[in-house]
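Summary of structural features
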Amino acid sequence: MVDYHAANNQNQQYSSGGSQMYMEQENDWDRDLLLDPAWEKQQRKTFTAWCNSHLRKAGTQIENIEEDFRDGLKLMLLLEVISGERLPKPERGKMRVHKINNVNKALDFIASKGVKLVSIGAEEIVDGNVKMTLGMIWTIILRFAIQDISVEETSAKEGLLLWCQRKTAPYKNVNVQNFHISWKDGLAFNALIHRHRPELIDYEKLRKDDPVTNLNNAFEVAEKYLDIPKMLDAEDIVGTLRPDEKAIMTYVSCFYHAFSGAQKAETAANRICKVLAVNQENEHLMEDYEKLASDLLEWIRRTIPWLENRAPEKTMAEMQQKLEDFRDYRRVHKPPKVQEKCQLEINFNTLQTKLRLSNRPAFMPSEGRMVSDINSAWHNLEGAEKGYEEWLLNEIRRLERLDHLAEKFRQKATIHESWTAGKESMLTQKDYETASLSEVKALLKKHEAFESDLAAHQDRVEQIAAIAQELNELDYYDAPSVNARCQKICEQWDLLGSLTQSRRESLERTEKQLESIDGLYLEYAKRAAPFNNWMEGAMEDLQDMFIVHNIEEIQGLITAHEQFKSTLPEANKERESIQAIQAEVQKIARYNGIKLSGNNPYTSITPESIDSKWDKVQQLVPQRDKALQEELGRQQSNDHLRRQFANQANVIGPWIQNKMEEIGRISIEMNGTLEDQLTHLRQYEQSIIEYKPKIDQLEGDYQLIQEALIFDNKYTAYTMEHLRVGWEQLLTTIARTINEIENQILTRDAKGISQEQLHEYRASFNHFDKDHSGVLAAEEFKACLISLGYDVENDKQKRTGMMDSDDFRALLISTGNSLGDAEFARIMGIVDPNNSGAVTFQAFIDFMSRETTDTDTADQVIASFKILAGDKNYITAEELRRELPPDQAEYCIARMAPYSGPDAVPGALDYMSFSTALYGESDL
């Protein structure tokens, strides 16, 4: 049987006002009615059964109500059982005075509960006065069984009557208007049982004209299944014109208390279902967070090695493909991951808010999956990304430089090899052995010219070796072939030097035997050789490849070319002078009739070759002009691309900065309700999203710049990377700010916080947020709490929450404007579980609302399970399945540990540790 008197220990706080007045009315019964034998019989039987229903809990009972209470011992025991309190120690003596003292202790206890006993004294009870004994028992029943009944602002008798009327209203032939004749046919008793336990009674088979059967059926079912003892006989009720009201009320109150236990069980089950539903939802959110975090971290883990791969490619085409792959990563693969990261942070903040609102401990993701871990991994990703892009651009510059050097090497090597072709055979021939003196002298002079030419080519050979060395240092992929060709050129050059020295020595030995040759030929050779070298150098320069990166560099080349062209008239005069020497030789020969043996013996440079090379120079000059002008146009186009990008970047960069500042102001200012702020922010977010095409346009311009291999831009300080980061931060900031307002609305609605309170909280928070960072440092938060009147050393404040200005000034003086260190450390543990040293506004309002709002606790859940378990320290799976919905019952069964207490039975489950784990006080 449910112990419905467990709460009576609070009744000592009852005033002697309304309840006492009611008791006086009920005690003022018509005592003469007790002389009616039928009513007296009904009261004796009912009151005896009612007393025994409680005394059985103490292992005893009474047989004769007026005799068994005379010594006061069982009367005191009865009061202890039904009140749950200890009475003064009874006297065990057998004398009359001992009995009177015991009865007086019982009567004093009754009086202490606000009951005024009228004309009932201890001597009458000790003397066995039936009328007074029954009156006393009725007073006890009223106080402990009926007075606490409350239904819709009515109590005691009226409340019990209203409860009966409500429960029996749907049943035919039942009209409860009182506690006597309305119950005479027995249908009302059966209706009460059927309303709460329909499986126990087949109400449709009952007949109004058979009251004895109806009454016996109700009394037997109540005794067998509801633990309500049979307090009346059906014949006694039917046999009297008007059944005793007090007997009926006593009997009916037992039904009320029996069924009120079922109501408590239902309430307890609802509370458990609510708690379990919240816990299940939070677990689903935690699982979703873990999966999303794992997927994002795995993507980062796979991507970073790719970005850290620095294996160079051999050709520009391969490196350009790598750059294109990197652009696909930035355009296609990374943006969804940025959104996932932002959504992950929003989900984490929402989950933490729901946990705080449901009085659950903060969610701690598994190791390596904290938001800070994800931010750290993301930071590493962006670091690798930036380094990879820089490496790609540097590698492209290197390969471009290598291609230029390799082509330059091939040109110079080809020119040199063309020049050295046949020189070895020329130096090894023995033509001076059969030549005349003049011919020998000519050979000697020719050799001197050759040495001059050889010296002039020394610089080209050194350039070839230097270029080969640079190609090796830059790790040119075809360096072996370059080295082999360079080695061959150097070895041949050394051989030519050795052969030249050997031929000179041979010619000088024969020089004494030969005469010098014609001075004109000699003069021609001496002037033709450097001029020829100048023309070859000019042709080489005019055909030389060039690479520039801006207009200034190409203009410098154009200026140098113009200076070269300005020297052409003087060079033409030198050419004409050299040709005049050859013409003079021909003139002298014709004049003197000399037959020339062939070409100038002092040089292999003929007038035809000089004219041919001069014509070649004349052809190469306009070609060089065209190439320089084309490059000037390309650089002007590149400069236009720079200006085009800079014009947009110089607008978008400040726009992003202004939007970031405006969002910060919106999150701090308190204009309108939270819904107004949320609407404003969402409109603001839409305006930002509508700006995305300008970002895409800028990305397109930036791609054109990269494709043109433009690496600098003097017209703007903004880089595409800087603007990308700013754009991503802007999207993340507006999303986070909207999420904060949504969480504030969720907190306000869940905790019942008024708009004025939220404004006051925001005003206090903004006042102490001196740097407008959106968070409070520990000392700022502490000062904010004190300004709101919170102090752990002031009991009044903790009960009432906010204080008026006078109380606040008094509190500041008495506490020294400070919170206790231990209490403040506890509060910081609540608002900053990650020990970041900063308190967000969401955490701040969560704490303030939590201080003034009642939430479910572990003790309340344990008490609810105790009711479902029938006051046992354990619960069985059968009881859980009977009282809870199937899915939540199985949820509890799967997570409850076996109960190991001394009163354990097979299949017993430990609901206490399970309830504690729901609130984070132990492991679930």
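Residues numbered from 1 in each chain as written. Predicted model: local features only at pLDDT ≥ 70, side-chain atom pairs only at ≥ 80, totals over all residues. Heavy atoms only, no water.

With that out of the way, let us pick up the packing of helix α25 (residues 755–768) against helix α26 (residues 778–787). Working note: a packed helix pair is described by the angle between its axes plus the distance between those axes. Axis separation between α25 and α26 bottoms out at 9 Å; the angle between their running directions is 140°. Here α26 runs oblique to α25, going by the angle between their axes. The chirality of how α25 crosses α26 is right-handed. Across the interface between the two elements, Ser764, Phe765 and Phe768 from α25 touch Glu780, Ala783, Cys784 and Ser787 from α26. For the contact of α25 with α26, the class distribution of residues is four nonpolar, two polar and one charged. (Axes fitted to C-alpha atoms, helices over the stretch in contact; angles between N-to-C directions. Helix = DSSP H or I, 4+ residues; strand = E, 2+ residues; numbered from the N terminus. Parallel < 35°, antiparallel > 145°, perpendicular 65-115°, else oblique. Left-handed = near helix turned anticlockwise from the far one by under 90°. Contact = heavy atoms within 4.5 Å. Nonpolar A, V, L, I, M, F, W, Y, C, P; charged D, E, K, R; others polar.)

This next bit is on the pattern of salt bridges. If charged atoms from side chains of opposite charge come close, those side chains can pair. In the structure shown here, the tally under the stated rule is 50 salt bridges. Lys157 is the salt-bridge partner of Glu245, the closest N and O atoms lying 3.0 Å from each other. Residue Glu245 is located in helix α12 (residues 245–308), and its partner Lys157 is located in helix α8 (residues 156–168); the two are separated by 88 residues in the primary sequence. Salt bridges sharing partners connect three or more residues here, namely Glu324, Arg327, Asp328 and Arg331. (Salt bridge = Lys/Arg side-chain N within 4 Å of Asp/Glu carboxyl O.)

A few words now on the environment of Asp832. Residue position: Asp832 is located in the loop between α29 (821–831) and β4 (838–840). Residue classification places Asp832 among the buried positions, given a relative accessible area of 6%. In the structure, Asp832 is positioned 54 residues away from Ala778 in sequence and 9.5 Å away in space, judged by C-alpha atoms. Not counting chain neighbours up to four residues away, the residues in contact with Asp832 comprise Gly837 and Ala838. (Buried < 20%, exposed > 50% of the residue type's maximum accessible area, 1.4 Å probe, protein only.)

Before going further, it helps to spend a moment on the side chain of His457. Along the chain, His457 turns up in helix α16 (residues 437–473). On the basis of relative accessibility, which here comes to 2%, the residue His457 falls in the buried class. Look past the residues within four positions of His457 in its chain and what remains in contact with it is Trp419, Trp493, Asn533 and Glu536.

Turning to helix α22 (residues 674–690), a few remarks are in order. For α22, which comprises 17 residues, the first-to-last C-alpha distance of 24 Å matches the rise-based estimate of 24 Å (1.5 Å per residue) to within 8%. Among the residues of α22, those classed as buried are Leu674, Gln677, Leu678, Leu681, Tyr684 and Ile688. Looking straight down α22, one finds that the buried residues subtend no more than 125° of arc, so they occupy a single side. More than 90 degrees from the buried face of α22, the exposed residues found are Gln683 and Glu690. (Expected span 1.5 Å × (residues − 1). Arc of directions from axis to C-beta.)

So, on to the packing of helix α9 (residues 187–196) against helix α10 (residues 211–225). Running from N to C, α9 and α10 cross one another at 35°; their axes reach a closest spacing of 8 Å. Between α9 and α10 lies a crossing whose hand is left-handed. Between α9 and α10, the residues in contact are Leu187, Phe189, Asn190 and Ile193 and Asn214, Leu215, Asn217, Ala218, Phe219, Val221 and Ala222, respectively. For the contact of α9 with α10, the per-class residue count stands at eight nonpolar, three polar and no charged.

Between the first and last C-alpha of α8 there are 18 Å, a value that for 13 residues agrees with the 18 Å anticipated at 1.5 Å per step. Among the residues making up α8, those that are buried are Ala156, Gly159, Leu160, Leu161, Leu162, Trp163, Cys164 and Thr168.

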